[in-house]
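What follows is each chain in one-letter form.
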Amino acid sequence: MNKSLILVVEDDRSVQNLMTTTLKAHDYRYLTAMNGETAILEASSHNPDIILLDLGLPDLDGIEVIHRIRSWSNVPIIIISARSEDADKVEALDAGADDYLTKPFSVEELLARLRATERRLTMMKGDQTTSSIFVNGNLKIDFSAGCAYLEEEELHLTPIEYKLLCLLAQNAGKVLTHTFITQKIWGHSWDNDVASLRVFMATLRKKLEKNSDSVQYIQTHVGIGYRMIKV
Ligand code: CA
């Protein structure tokens, strides 16, 4: 099987070496870039399947790199960042990143994220057989088309946000625990996943609940999980 081509954007040589060694050991093909301008150039000339992007680069801000790549490509971008603040992650996800890893991360974590992204890519390419439509208030999900609408307007969701919304919708009315959700989304449930879940839930909510007086579709259960409310 032809393994994915990964573009590794990282200016810290030791971190870059760790990633490329891991990729090589698992038969991935890869390209590297030490700064944002090179990353954009490599992405446009080689069409990688997945981009691993460090946010703190010497020339451009990682967020700027995401914006520029997103202007012409939907390639999955996984942020690799030392910044632990949720605000940076939300900003990167809002800019169009698909997922993220926080430094320091384990090799297993990196590989798991890559596999999850590859599964999503395969799913998106493959044909979907279910053709049901979910409706809850002004929210509509067309599972066969892979689209969600709010007040007849299509919602622009990242793959993970869409997966979360479908998961919540298919279990509407039920409280889903952090562990359940992270297992379904990433295939495992580490502490980092629960932190990630909070970030993805925040960005999803921002899109569903545009105004402060909008209908609340997702209920938070502190320390437990989330529930989609039937409105
Ligand atoms: Ca850096």
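The preceding data block contains the structure.
Model, not experiment: these values are computed from the prediction. (Residues numbered from 1 in each chain as written. Predicted model: local features only at pLDDT ≥ 70, side-chain atom pairs only at ≥ 80, totals over all residues. Heavy atoms only, no water.)

Re helix 7 (residues 178-186)
Move 1: Considered for burial, the residues of helix 7 that qualify are His178, Ile181, Thr182, Ile185 and Trp186. Seen along its axis, helix 7 keeps its buried residues to an arc of 100 degrees; they face one direction.
Move 2: Once helix 7 finishes, Gly187 follows within two positions and takes phi at roughly 85 degrees, a positive value. (Buried < 20%, exposed > 50% of the residue type's maximum accessible area, 1.4 Å probe, protein only. Helix = DSSP H or I, 4+ residues; strand = E, 2+ residues; numbered from the N terminus. Arc of directions from axis to C-beta.)

A look at the environment of Val194
Move 1: With respect to the helices and strands, the residue Val194 is situated in helix 8 (residues 191-208).
Move 2: Considering only alpha carbons, one finds Val194 and Val107, 87 residues apart in sequence, at a separation of 19 Å.
Move 3: For Val194, the contacting residues outside a window of four places in its chain are His178, Thr182 and Ser189. (Contact = heavy atoms within 4.5 Å.)

Focus: the packing of helix 6 (residues 159-170) against helix 8
Packed helix pairs are characterised by how far apart their axes lie and by the angle those axes make with each other.
Move 1: Their axes nearest at 10 Å, the elements helix 6 and helix 8 cross at an angle of 80 degrees. Taken together, the axes of helix 6 and helix 8 lie roughly perpendicular to each other. Side by side, helix 6 and helix 8 meet where Ile160, Glu161, Leu164, Leu165 and Leu168 of the first sit next to Leu197, Phe200, Met201, Thr203, Leu204, Lys207 and Leu208 of the second.
Move 2: Split by residue class, the contact of helix 6 with helix 8 holds nine nonpolar, one polar and two charged. (Axes fitted to C-alpha atoms, helices over the stretch in contact; angles between N-to-C directions. Parallel < 35°, antiparallel > 145°, perpendicular 65-115°, else oblique. Nonpolar A, V, L, I, M, F, W, Y, C, P; charged D, E, K, R; others polar.)

Here we look at the pattern of salt bridges
Pairs can form between side chains of opposite charge whenever their charged atoms are close.
Move 1: If you walk through the whole model with that rule in mind, you get seven salt bridges.
Move 2: Of the charged contacts, one joins Lys207 and Glu161 as a salt bridge, the two residues approaching to 2.6 Å between their closest N and O atoms. Note that Lys207 is positioned in helix 8 and Glu161 in helix 6, a separation of 46 residues in sequence.
Move 3: Overall, the relative accessible area of 22% leaves Lys207 in the partly exposed class.
Move 4: Given the relative accessible area of 1%, Glu161 is considered buried. (Salt bridge = Lys/Arg side-chain N within 4 Å of Asp/Glu carboxyl O.)

Points about the sheet that holds strand 2 (residues 29-33)
Move 1: Pairing is parallel across the open sheet formed by five strands, whose spatial order is 2-1-3-4-5. In this open sheet, the two edge strands, each paired with only one partner strand, are strand 2 and strand 5 (99-102). On average, each strand axis in the sheet is tilted by 20 degrees relative to the strand beside it, whichever way the strands run.
Move 2: Its contacts with the sheet put helix 3 (residues 62-70) on strand 3 (50-54) and strand 4 (77-81), and the angle it makes with strand 3 is roughly 155 degrees. (Pairing = 2+ DSSP bridges.)

Digging into the sheet that holds strand 6 (residues 133-136)
Move 1: The antiparallel open sheet is built from four strands, whose spatial order is 6-7-8-9. The open sheet is flanked by strand 6 and strand 9 (153-154), the only strands paired with a single partner.
Move 2: Relative to strand 9, strand 8 (residues 147-150) is paired through two bridges, and the arrangement is antiparallel. Of the residues in strand 9, the one forming a bridge with Tyr149 is Glu154.

A few points about the packing of aromatic side chains
Move 1: For the coordinates displayed, the defined rule picks out two aromatic pairs.
Move 2: An angle of 20 degrees between the planes, with centres 6.1 Å apart, marks the rings of Tyr100 and Phe200 as stacked. One end of the pair, Tyr100, is in strand 5; the other, Phe200, is in helix 8, and 100 residues separate them in sequence.
Move 3: With relative accessibility at 0%, the residue Phe200 sits in the buried group.
Move 4: A ring pair is formed by Trp186 and Phe200, whose centres lie 5.7 Å apart and whose planes are at 45 degrees; its orientation type is tilted. Taken as a pair, Trp186 in helix 7 and Phe200 in helix 8 lie far apart in primary sequence, 14 residues in all.
Move 5: Using a relative accessible area of 2% as the deciding quantity, one classes Trp186 as buried.
Move 6: The structure contains a cluster of three or more aromatic residues connected by ring pairs, namely Tyr100, Trp186 and Phe200. (Phe/Tyr/Trp six-rings, centres within 6.5 Å; stacked < 30°, edge-to-face > 60°.)

So, the coordination of the calcium ion
Move 1: Protein-derived ligands of the calcium ion are Asp11 (OD), Asp54 (OD) and Gly56 (O), with the metal-ligand distances lying across 2.2 to 2.4 Å.
Move 2: Positions of the donor residues of the calcium ion along the chain correspond to the pattern D-x42-D-x1-G. Here the residue Asp11 occupies a position in the loop between strand 1 (5-9) and helix 1 (13-25), and Gly56 occupies one in the loop between strand 3 and helix 3, the gap between them amounting to 45 residues.
Move 3: Overall, the relative accessible area of 31% leaves Asp11 in the partly exposed class. (Donors = N, O, S within 2.8 Å, 3.2 Å for Na, K, Ca; no water.)

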